[in-house]
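Take a look at the letters that make up each chain.
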Amino acid sequence: VDQPLVPKQFHLGMFEIGRPLGKGKFGRVYLARERSSNFICALKVLYKSELQQGSGVEKQVRREIEIQSNLRHPNILKLYGHFHDSKRIFLILEFAGKGELYKHLRRENRFPEWKAAQYTAQMASALRYLHRKHVIHRDIKPENILVGIHGEIKISDFGWSVHAPNNRRQTLCGTLDYLPPEMIKSGSKDNWYNEKVDLWSLGVLIYEFLVGEAPFEDTPIMTHKRIARADMTIPEWVSKEAKDLIKKLLVLDPEKRLPLEEVQTHPWIIKHCVKGERASNREKPLK
Ligand SMILES: Cc1nn(C)cc1-c1nc2c(-c3cnn(Cc4ccccc4)c3)c(Cl)cnc2[nH]1
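The text that follows walks through the structure, step by step, so that each part is easy to find. (Residues numbered from 1 in each chain as written. Predicted model: local features only at pLDDT ≥ 70, side-chain atom pairs only at ≥ 80, totals over all residues. Heavy atoms only, no water.)

What follows covers the sheet that holds strand 5 (residues 88–93). Pairing within the open sheet is antiparallel, and its five strands lie in the order 1-2-3-5-4. Sheet topology places strand 1 (15–23) and strand 4 (79–84) at the edges, where each strand pairs with a single neighbour. On average, each strand axis in the sheet is tilted by 25° relative to the strand beside it, whichever way the strands run. Taken together, the seven bridges between strand 2 (residues 28–34) and strand 3 (residues 39–47) define a ladder with antiparallel strand orientation. Paired with Tyr30 across the strands is Leu43, a residue of strand 3. (Pairing = 2+ DSSP bridges. Helix = DSSP H or I, 4+ residues; strand = E, 2+ residues; numbered from the N terminus. Axes fitted to C-alpha atoms, helices over the stretch in contact; angles between N-to-C directions.)

Next up, the structure:
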């Protein structure tokens, strides 16, 4: 029976380790079952040796634990607890039954508009919850999103998130595609700690859901230039409602990006995310 993982003190002997589920830049994730409750979870194993002592990564893991263990939302992957031994750190995470979203996106090339709109509505709901708690994710991209057994999405990997405002310096690595202009421009860093950065990344995510590639995908130099100018073209076959929402999020001025409340009530979202049968199967438009 699925019982929530309750004890405060966990240790490796409490878990039966199953198949590897995946690996990231730091560490691997295994399917696991907590023996006394039969609770299925995902166990993320990080080697202390790989987290160079005193480097940013160790602080990132600490921040991931601190932030994610206090979050409870259906579209945010739960962190139930953590423990460590002499060589490793273990994070006890919610198991997402349908795995990594980016694999689904690569396999399907791109998502139909109704699916992209439903994922967008779930992302907006999760981001509103995070921003109300003054948590900025800052690394929204398909690679950091998992899919639950009912097809719902779950934001994971809070390694880059911060409690705003925060004056810790960050070094960035990995893809530039999702970075907002204020994070690639030199100069004042305080915009890095404004929730609006997640709105830009949400716009990039919607574009990639619908088109199958990121809007500024290019050589690193060109991506940098195109982000700074919000220079993108949306294919003509994307619906005008979806185009409208993407354009209202990929705005250079962070203060002019569409607030999450208005994302959730945008015509493209309303059209595809009404309760009951799937809007796209509806014969007649809603009154
Ligand atoms: C894969 C896979 N296939 N199916 C059917 C379900 C899954 C599944 N994977 C997960 C995973 C999972 C796996 N890999 N990753 C990527 C990763 C690994 C290590 C460090 C950072 C990031 C996440 C999780 Cl956390 C949580 N739940 C998961 N569920």
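Of all residues adjacent to the ligand, which total 19 residues, the nearest are Leu21, Gly24, Ala96, Gly97 and Gly99. Look at the ligand: alone it shows 610 Å² of surface, and the protein chains cover 84% of it. At the level of elements, strand 1 and strand 3 are the ones that each hand at least two residues to the shell around the ligand. In terms of residues, the shell around the ligand owes the most to one element, strand 1, which gives four residues. Tallied by class, the residues present in the shell around the ligand amount to nine nonpolar, five polar and five charged. (Near = heavy atom within 4 Å. Areas by Shrake-Rupley, 256 points an atom, 1.4 Å probe, with all protein chains shown as cover. Nonpolar A, V, L, I, M, F, W, Y, C, P; charged D, E, K, R; others polar.)

Here the focus is the packing of aromatic side chains. Summed over all chains, the structure comprises eight aromatic pairs. Taking the centre distance of 5.6 Å and the plane angle of 10° together, the rings of Trp200 and Phe216 count as stacked. Placement of Trp200 in helix 5 (residues 196–211) and of Phe216 in the loop between helix 5 and helix 6 (220–228) is noted, with a sequence separation of 16 residues between them. For the pair shown, Trp200 and Phe216 are each scored as buried. Every member of this aromatic cluster is reached through a ring pair, and the members are Phe10, Phe15, Phe83 and Phe90. Just above the ring of Trp237 sits the side chain of Arg110; from NZ or CZ to the centre is 4.2 Å. (Phe/Tyr/Trp six-rings, centres within 6.5 Å; stacked < 30°, edge-to-face > 60°. Buried < 20%, exposed > 50% of the residue type's maximum accessible area, 1.4 Å probe, protein only. Lys NZ or Arg CZ within 6 Å of the ring centre and 35° of its normal.)

A few words now on unusual backbone geometry. A negative phi angle characterises most non-glycine residues, just as the trans form characterises most peptide bonds. In the Ramachandran plot, Asn38 falls in the positive-phi region, its phi being about 60° despite a non-glycine side chain. Summarising the element assignment, Asn38 is placed in the loop between strand 2 and strand 3. Residue Asn38 is classed as partly exposed on the basis of its relative accessible area of 41%. The phi angle at His134 is positive, at roughly 55°, despite the residue not being glycine. Along the chain, His134 turns up in the loop between helix 3 (113–132) and strand 6 (135–136). His134 gets classed as partly exposed once you look at its relative accessible area, which sits at 46%.

By the bridge criterion, six bridges tie strand 1 to strand 2 in an arrangement that is antiparallel. Bridge assignment links Glu16 to a residue of strand 2, and that residue is Arg33. Where strand 1 folds back onto strand 2 in an antiparallel hairpin, the turn is made up of four residues, including Gly27, whose phi is positive at roughly 90°.

With that settled, the discussion passes to the pairing of strand 5. Counting buried residues in strand 5 gives five out of six residues, a clear majority hidden from the surface. The pairing of strand 3 with strand 5 spans six bridges and is classified as antiparallel. Directly across from Leu43, in strand 5, lies its bridge partner Ile92. Two elements, strand 4 and strand 5, share five bridges in a ladder whose sense is antiparallel. Paired with Gly81 across the two strands is Ile92, which belongs to strand 5. From the end of strand 4 to the start of strand 5, which pair antiparallel, there are three residues.

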